[in-house]
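# Fold and geometry: a report
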Amino acid sequence: MVETADGGSEDGTAEVFDRPLPDGVRRRVVQIVSDGFGKLTVAELPAQLKQYARFTPTRRAKFAGNAMAAALETEPLFRQRIGERLREVQPELTGALDSGSPPPAADPLDVAAAAYVMRPPGWVKLVTAAGEEAQRADAERADEETRAELERLSEELARAREHTRSETERLRTDLEAARKEADSLHRKLRSALSDVKRGAAALRRLQGEMDTVRADGQAQVSAAESESRRLKARLGESEAALEAARRAAREGRSVEDMRVRLLLDTVLEAAQGLRRELALPPVSVRPAETVDAVEPGSLSPKDIAARALSEGDPAILDQLLALPQAHLVVDGYNVTKTGYPQMPLEKQRLRILGQLAQLAAQTGAEVTCVFDGAELAAPVLLAPPRGVRVLFSKPGVTADELIRQLVRAEPPGRPVIVVSTDREVADGVARAGARPVASAVLLKRFSRA
């Protein structure tokens, strides 16, 4: 290999480019390799470039640029093949480079890229000169762009200053107008605040008066509601009495006649019962029989005292029901919730009515069972058992009040027994002449049966 004057071989392969390729030269080199890349077979490509064999020139330059530049530097045979393809495409440029005199009118970047690929003698100087020329052109172009940008910015600055001056004048005018308007608004605000304070004082005064009126109204409403409830209760009683009178009139007799007849039957049956209890003979009393003495087989005062029953003994209920024309009035829920409160209301009603039916059949007494209608969600479909009257209180009327109405409806002298644990009910019916009995006594009587 023949050495050149600058220390390289005749074909320029021994020359070394000891600096990075300028960006413009590198892009032209990659483009040359990419264009020549497609005309080579896969076998002619270096191993690291075979994977890009089917890429288009654009994608190849984009994704394989670094790999192609490295192969061009390290693979002399590949560089030689690319150079041969370049000679086919650009014969004039490559011929001038081979002769050592590149065309003066050629683009320095194209000359430097072709020299880098073909490596003719002095290619390093060509590449260096092209890079410097490109840098000089870039610098000139940058200077021109900078000057143009500076002129544009100067014009914009002048326009901005002029706009700022005019805007400042406008803002001064607006500020002065705003100050005048603010002073006017301050005066209006002080006047409005004074009006608000006067309005707040008037509002507080009106609220106080309204609270007083509301309290008076509530008191009047409460009194009116109380009076209304009382009048409704009296109206209910009047309606019930009127309905009873109408019912009695339809049957051809008045309530008083019915009460007198019932009282007469009670007196007669009481007299007969007294005759049986005293075992009076059918003849008139003899004077000798008025002498106080103990006859054989009769009860002594000690025997009579021994027969006294306690208030909790269910036998006392049997004695009361044995009285003539006895009427047993039962506070239904009071008894059921004392005896079996865990059961549903429907089953409580069925159970006590069945037990009262048996008691009525055994004693022959009149039996009335009263339930509180306030606990009903809907009308009750119930067939009362034989011998038991079933009543539900109307809306607004409690079962306790209905029991007191039943007691007051009975004529004086008729034995009325009221079963309830409610102390208020027991005291009320006792004052009306009825005999109160605790619910536990009736439950014991049921269990004994």
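Look a little higher up for the structure.
As the structure is a computational prediction, the values presented were derived from the model and not from experiment.

This paragraph deals with unusual backbone geometry. Unlike most non-glycine residues, Gln325 shows phi in positive territory, near 55°. Positionally, Gln325 belongs in the loop between helix 10 (315-321) and strand 1 (327-331).

This brings us to helix 13 (residues 399-409). The buried fraction of helix 13 amounts to nine of the 11 residues, a majority that puts the element mostly inside the structure. Those residues of helix 13 lying buried are Ala399, Asp400, Glu401, Leu402, Ile403, Arg404, Gln405, Leu406 and Val407.

Turning next to the environment of Val127. Tracing the backbone through its elements, the reader meets Val127 in helix 7 (residues 123-250). A relative accessible area of 0% places Val127 in the buried class. In this structure, the C-alpha to C-alpha distance between Val127 and Pro108, residues 19 residues apart in sequence, is 8.6 Å.

The N-to-C vectors of helix 11 (residues 332-339) and helix 12 (residues 345-363) enclose an angle of 105°; their axes lie 10 Å apart at closest approach. Here helix 12 runs roughly perpendicular to helix 11, going by the angle between their axes. Touching Gly332, Tyr333, Val335, Thr336 and Lys337 of helix 11 are Leu345, Gln348, Arg349 and Ile352, all from helix 12. The residue inventory of the contact of helix 11 with helix 12, partitioned by class, reads four nonpolar, three polar and two charged.

Bringing the sheet that holds strand 1 into the picture now. On the basis of which strands lie adjacent, the open sheet formed by five strands has the order 3-2-1-4-5 and parallel pairing. The outermost strands of the open sheet, each flanked by one partner alone, are strand 3 (388-392) and strand 5 (435-437). Going from strand to strand, the sheet's axes swing by 20° on average, the running direction of each strand aside. Across three bridges, strand 4 (residues 416-419) lies against strand 5 in parallel orientation. Each bridged residue has a counterpart across the sheet, and for Val418 the counterpart in strand 5 is Pro436. Along the sheet face, helix 11 touches strand 1, strand 2 (366-371), strand 3 and strand 4 and points at about 60° away from the line of strand 1.

Aromatic ring pairs are described here by two measures, namely the spacing of the ring centres and the angle between the planes. On inspection of all chains with the given rule, the structure shows two aromatic pairs. Ring centres 5.0 Å apart and planes at 55° place the aromatic pair Tyr333 and Phe371 in the tilted group. With Tyr333 in helix 11 and Phe371 in strand 2, this pair connects stretches of sequence that are 38 residues apart. Here the aromatic cluster, defined as three or more aromatic residues joined through ring pairs, consists of Tyr333, Phe371 and Phe392. Over the aromatic face of Tyr333 sits the side chain of Lys337, whose NZ or CZ is 5.5 Å from the ring centroid. Directly above the ring of Tyr340 sits Arg351, whose terminal nitrogen or CZ lies 4.1 Å from the centroid.

Moving on: the environment of Ala241. The topology assignment puts Ala241 in helix 7. Residue class for Ala241 comes out partly exposed when judged on its relative accessible area of 47%. Between the alpha carbons of Ala241 and Gln405 there is a distance of 9.8 Å; along the sequence they are 164 residues apart.

Right, let's talk about the packing of helix 12 against helix 15 (residues 439-448) for a bit. The contact between helix 12 and helix 15 brings their axes to 11 Å, and the two run at 75°. As summarised for this structure, helix 12 and helix 15 are arranged roughly perpendicular, according to the angle between their axes. In contact with Ile352, Gln355, Leu356, Leu359 and Gln362 of helix 12, helix 15 contributes Leu442, Arg445 and Phe446.

Rules used throughout
- Counting starts from 1 at the beginning of each chain's written sequence and moves along it residue by residue.
- Side-chain atom pairs in this predicted model are given and counted only at pLDDT of 80 or more, local residue features only at pLDDT of at least 70, and totals for whole chains, interfaces and linings cover all residues.
- No hydrogens and no water enter the side-chain calculation; it runs on all heavy atoms of the structure.
- Put simply, DSSP marks the helices as runs of H or I at least four residues long and the strands as runs of E at least two long, and each gets a number from the N terminus on.
- Burial classification: accessible surface area is computed with a 1.4 Å probe over protein chains only, and a residue below 20% of its type maximum counts as buried, one above 50% as exposed, and the rest as partly exposed.
- Only the stretch in contact is used when a helix axis is fitted, and all axes are lines through C-alpha atoms; the angle between N-to-C directions ranges over 0 to 180 degrees.
- Each angle receives one of four descriptions, namely roughly parallel if under 35 degrees, roughly antiparallel if over 145, roughly perpendicular if within 65 to 115, and oblique otherwise.
- Whether two residues are in contact is decided by their heavy atoms: any pair within 4.5 Å suffices.
- When residues are grouped by polarity, Ala, Val, Leu, Ile, Met, Phe, Trp, Tyr, Cys and Pro land in nonpolar, Asp, Glu, Lys and Arg in charged, and all others, Gly among them, in polar.
- Any two strands are treated as partners once DSSP identifies two or more bridges connecting them.
- Aromatic pairing here means that ring centres of Phe, Tyr or Trp (its six-membered ring) are within 6.5 Å. Orientation follows from the plane angle: under 30 degrees is stacked, over 60 is edge-to-face, and everything else is tilted.
- Charge over a ring is defined by NZ of Lys or CZ of Arg lying within 6 Å of the ring centre and within 35 degrees of the ring normal.

Taken by themselves, the reported measurements are silent on function.
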